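Structural characterization, general
If you want the building blocks of each chain, they are given just below.
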Amino acid sequence: IITRGLATSAARNAIKNVTVIGGGLMGSGIAQVAAQTGHNVTLVEVNADILKKAEGSIVNSVGRVAKKMYKDDAAAAKKFLEETQSRIKGSTEPAKSVSDADLVIEAIVENMDIKHKLFKSLDEAAPAKTIFASNTSSLSIGEIASVTSRKDRFGGLHFFNPVAVMKLLEVVRIPETSEDTYQAMMAWGKAIGKTCITCKDTPGFVVNRLLVPYLAEAIRMMERGDASARDIDIAMKLGAGYPMGPIELSDYVGHDTSNSIVQGWHKKFPDNPLFKPCDSQQKLVAAGKLGVKTGEGYYKYN
Ligand code: CAA
Ligand code: NAD
């Protein structure tokens with residue numbers, strides 16, 4: 001029940017049912033934090049096997065969160081895990097999954113054509129009230145939204161890996177995003193425990209526009225032989241206070257992801273030296289050494 005005093009547009013638009021499309025690294029984390037904070041979540045994947053893998057990684061991560069939240073209370077930790085799990089249902093049918101969604105967050109592969117195909121079909125299937133958002137790292141939100149008839153109910157919600165731990169949410173407005181949609185996205189970000197910042201629809205928004213060139217500069221420093229990977233990482237951890245060094249962070253983000261971001265920007269802005277793809281990173285991608293997720297990148301993981 002919304003009292004008269006609280007009957008603001010943000011309260012009227014309160015988001016309860018959330019559909020997350022794509023249950024990979026980011027989508028499974030987004031589904032997790034939404035469910036942990038009491039939202040009904042539908043998680044959509046391409047097949048049942050991948051859904052199962054996503055559910056496994058969610059259980060693992062909620063377990064870590066619960067252990068921290070309820071240090072001395074195993075029963076409360078178990079209840080938190082069970083309640084979170086019970087709020088997530090899996091689906092392999094994107095169109096059906098949005099029939100009662102207040103918010104849809106897309107976290108599928110970083111490819112404009114594939115995102116367009118998905119949003120076109122979701123736009124036809126979802127009710128008028130549904131807000132659409134993309135978790136894209138580097139593509140233009142306006143260009144993604146262009147295939148829908150709801151640009152006023154479209155924005156970016158850009159999360160950070162690991163979603164359960166990183167406190168920031170970038171809320172991206174395009175010129176067409178309505179004030180109600182923007183306020184609803186900001187309120188939802190707060191409701192899931194994130195600190196929100198407002199971004200324009202510029203390449204990389206705030207974090208990636210600064211982080212991606214920094215990671216590439218570190219790789220170029222290593223390629224020139226100016227310092228070893230290990231020393232560059234130690235330098236930035238102990239000399240600049242970063243939790244991870246840039247070479248280990250590039251392994252953590254994934255070389256497919258970082259390389260596709262710089263490739264896309266290099267194509268659009270060929271004269272910007274900060275967006276130049278790195279030779280060694282392209283070699284890693286070609287060899288399938290994508291970083292932590294495949295067990296090897298610049299470093300080896302077991
Ligand atoms: N789920 C739940 N909890 C997790 C977790 C996960 N997936 N990963 C780590 N944690 C928790 C751990 O349980 C641990 O909790 P306690 O403090 O209670 O022990 C805490 O986080 C710290 O983890 P660890 O002790 O394992 O390791 P750490 O201290 O090195 O922290 C880290 C790990 C949080 C990843 C930290 O190294 C870090 O912040 N690294 C930088 C990450 C970063 O920059 N991410 C952004 C990448 S860019 C991006 O995402 C945007 C894009 O578009 C590409
Ligand atoms: P990922 O490869 O781990 O996961 C993508 C998932 O989407 C896969 O499991 C795939 O099966 C699924 N998928 C593909 N097409 C689908 C469709 N049509 N319907 C349903 N599911 C589909 O990728 P990720 O790292 O989670 O990245 C997802 C998005 O989030 C990308 O846009 C990426 O740029 C962005 N992002 C990535 C990071 C990061 O650090 N990796 C951080 C922030 C944002």
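All of these numbers come straight from a predicted model, not from anything done at the bench. (Residues numbered from 1 in each chain as written. Chains lettered and ligands numbered in written order. Predicted model: local features only at pLDDT ≥ 70, side-chain atom pairs only at ≥ 80, totals over all residues.)

Details of the overall build of the chain
For clarity, the cut-off: Secondary structure is summarised from DSSP: a helix means a run of H or I of at least four residues, a strand means a run of E of at least two, and numbering begins at the N terminus for each. Every radius of gyration here is taken over C-alpha atoms, with the globule rule written as 2.2 Å times N^0.38, N being the number of residues. Here the C-beta atoms are placed from the backbone, and a residue counts as buried if at least 20 other C-beta atoms lie within 10 Å of its own, exposed if 12 or fewer do, and partly exposed otherwise. Working definition of a contact: two residues with C-beta atoms, positioned from the backbone, lying within 7 Å.
Helix and strand counts for the chain stand at 13 helices and eight strands. Relative to the 2.2 N^0.38 estimate, which gives 19 Å for 302 residues, the radius of gyration of the chain is 20 Å and therefore close to what a compact globule would have. Considered along the principal axes of its C-alpha atoms, the chain spans approximately 65 × 50 × 40 Å. Taken over 302 residues, the chain has a buried fraction of 39%. Partitioning the contacts of the chain with sequence separation of at least 6, the portion at a separation of at least 24 is 64%.

Topic: the UniProt feature "domain: 3-hydroxyacyl-CoA dehydrogenase C-terminal" (unreviewed entry) in the chain
Here is the rule we go by: UniProt positions are given in the numbering used here, feature names are shortened, and annotations may be inferred rather than shown by experiment.
According to UniProt, the feature "domain: 3-hydroxyacyl-CoA dehydrogenase C-terminal" (unreviewed entry) maps to residues 204–301 in the numbering used here. A helix fraction of 61% and a strand fraction of 0% characterise residues 204–301, whose end C-alpha atoms lie 28 Å from each other.

Digging into the site of ligand 2
What counts, and what does not: By definition, a residue lies near a molecule or strand when the C-beta atom built from its backbone is within 6 Å of it. Residue classes follow a fixed rule: Ala, Val, Leu, Ile, Met, Phe, Trp, Tyr, Cys and Pro count as nonpolar, while Asp, Glu, Lys and Arg count as charged, and any other residue, Gly among them, counts as polar. How far each domain reaches was decided by an automatic or database domain assignment.
Ligand 2 sits among 25 residues. The nearest are Gly22, Gly24, Leu25, Met26 and Ser137. For the shell around ligand 2, the element with the most residues is helix H2 (residues 25–36), which contributes three residues. Grouping the amino acids of the shell around ligand 2 by side-chain chemistry returns 13 nonpolar, ten polar and two charged. Residue contributions to the shell around ligand 2 reach at least three from each of two domains, namely domain 1 (4–200) and domain 2 (208–294).

Notes on the pairing of strand E6 (residues 154–158)
This is how the line gets drawn: When DSSP finds two or more bridges between a pair of strands, those strands are recorded as paired.
The element E6 is extensively covered by neighbouring structure, given that five of its five residues are classed as buried. Because side chains alternate across E6, one face comprises the buried residues Phe154, Gly156 and His158, and the other comprises Gly155 and Leu157, equally buried. Strand direction decides the pairing type here: strand E5 (residues 131–134) and E6, joined by three bridges, are parallel. Looking at the pairing, phenylalanine 132 lines up with phenylalanine 154 of E6.

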